[in-house]
Amino acid sequence: MFITFEGGEGTGKTTLIQLVKNALIKNHEVITTREPGGSMITEAIRDIILNPIYQGVTPITEALLLAASRAQHLDEVILPALKAHQIVLCDRFIDSSLAYQAFARNLGFDFVLAINDYATKHMPDLTFYIDLDPKVGMTRIQNRDKYDRLDRETDQFHENVRKGYLEVVRRYKNRIIMIDGNQSIDAIVSEIVQKINERL
Ligand code: TMP
């Protein structure tokens, strides 16, 4: 089963993926991974996308690098794990490109879906979108020492990312479950584990 986790900045995805893994690992083989990243090659692409020293990355280049990283990540990490009947928990996937690049960067859904043609052939079985007011999320991460190029975008950009996600949830309502990010982490984890177990 291929499960992805989505949300704006500061929604606590990294911690909660680890906790969901701990709950599932008792009965299943589970791997966790992330985008952009997840392997040596894709972590190198991640650095070009997110390192603030690369200020000149244009929106189209950003979208293409994310799509390239995703194709490599599928072939190198996700598809082999699924073939070995492991549960894959992935921090972000194509819905991030739809919310951030298609919507917030205004590149449009058609363009982003076209350059992600390979990924659209391997869509997640289930996606959890953690919904949170970006003002709350940005306050949570303001003390992070690794503040990346996208974290540094304007408040308006982060508001648009949330609007983009709400549109993505509307388009893919059979696949995406929206979770209220204001709840405690324990409440979020138990809701997610229950939904996964219902489908396993
Ligand atoms: P994070 O993993 O720490 O959340 O950082 C990843 C950043 O990259 C985050 O700001 C969202 C952004 N991103 C996109 O803009 N589009 C994408 O397709 C993905 C996977 C991430």
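Here is a short report on the structure shown in this document. This is a predicted model, so every value here is computed, not measured.

A short note on the overall build of the chain
Logical step 1: Tallying secondary structure elements over the chain gives 9 helices and 5 strands in all.
Logical step 2: For 200 residues, the compact-globule formula gives about 16 Å, and the C-alpha radius of gyration of the chain, at 16 Å, lands near that figure.
Logical step 3: Reported as C-alpha extents along the three principal axes, the dimensions of the chain are approximately 45 × 35 × 35 Å.
Logical step 4: A separation threshold of at least 6 residues defines the contact pool for the chain, and within that pool the share at least 24 residues apart is 78%.
Logical step 5: Carbon and sulfur atoms form 52% of the exposed surface of the chain, whose accessible area is close to 9700 Å².

A few points about the nonpolar core
Here is a general trend for soluble globular proteins: nonpolar side chains tend to be buried in one another's company.
Logical step 1: If you look at the biggest cluster of nonpolar residues, it comprises 20 residues, and the most contacted ones within it are I49, L98, Y100, F157, V161 and Y165.
Logical step 2: Those elements giving two or more residues to this core turn out to be helix 2 (40–50), helix 3 (59–83), helix 4 (94–104), helix 5 (109–115) and helix 8 (155–171).
Logical step 3: Listed in part, the 19 residues of the second largest apolar core include V20, L24, I130 and I179.

Thoughts on the site of the ligand
Logical step 1: Of all residues adjacent to the ligand, which total 15 residues, the nearest are E9, R70, R92, S97 and Q101.
Logical step 2: One of the side-chain nitrogen or oxygen atoms of R70 is found 2.9 Å away from an oxygen atom of the ligand.
Logical step 3: Looking at the shell around the ligand, the elements that each hand over two or more residues are helix 2, helix 3 and helix 4.
Logical step 4: A breakdown of the residues in the shell around the ligand according to their chemical character gives 5 nonpolar, 3 polar and 7 charged.

Focus on the sheet that holds strand 2 (residues 30–34)
By definition, the strands of a sheet pair up through backbone hydrogen bonds, in either a parallel or an antiparallel sense.
Logical step 1: Strand order in the open sheet formed by 5 strands is 2-3-1-4-5, and the pairing between neighbours is parallel. Bordering the open sheet on either side are strand 2 and strand 5 (176–180), each of which pairs with just one other strand. Pairs of neighbouring strands in the sheet enclose a mean axial angle of 20°, with direction left out of account.
Logical step 2: Sheet analysis places strand 2 next to strand 3 (residues 87–91), joined by 5 bridges and oriented parallel. Residue V30 lies in a different strand from strand 3, and its bridge partner there is I87.
Logical step 3: The strands touched by helix 9 (residues 185–199) within the sheet are strand 1 (2–7), strand 4 (126–131) and strand 5, with strand 4 carrying the most contacts at an inclination of about 165°.

A look at the environment of P36
Logical step 1: Structurally, P36 can be placed in the loop between strand 2 and helix 2.
Logical step 2: Looking at P36, the relative accessible area reads 10%, which means it is buried.
Logical step 3: Taking the C-alpha atoms as reference points, P36 and Q183, separated by 147 residues in sequence, lie 27 Å from one another.
Logical step 4: Excluding residues within four positions of it along the chain, P36 makes contact with T42, E43, R46, I49, L50, L66 and S69.

What counts as what
Residues numbered from 1 in each chain as written. Predicted model: local features only at pLDDT ≥ 70, side-chain atom pairs only at ≥ 80, totals over all residues. Heavy atoms only, no water. Helix = DSSP H or I, 4+ residues; strand = E, 2+ residues; numbered from the N terminus. Rg over C-alpha atoms; globule rule 2.2 N^0.38 Å. Contact = heavy atoms within 4.5 Å. Areas by Shrake-Rupley, 256 points an atom, 1.4 Å probe, with all protein chains shown as cover. Core = buried A, V, L, I, M, F, W, Y, C linked by side-chain atoms within 4.5 Å. Buried < 20%, exposed > 50% of the residue type's maximum accessible area, 1.4 Å probe, protein only. Near = heavy atom within 4 Å. Polar contact = N/O pair within 3.5 Å; in protein donor to acceptor, adjacent residues only side chain to side chain. Nonpolar A, V, L, I, M, F, W, Y, C, P; charged D, E, K, R; others polar. Pairing = 2+ DSSP bridges. Axes fitted to C-alpha atoms, helices over the stretch in contact; angles between N-to-C directions.

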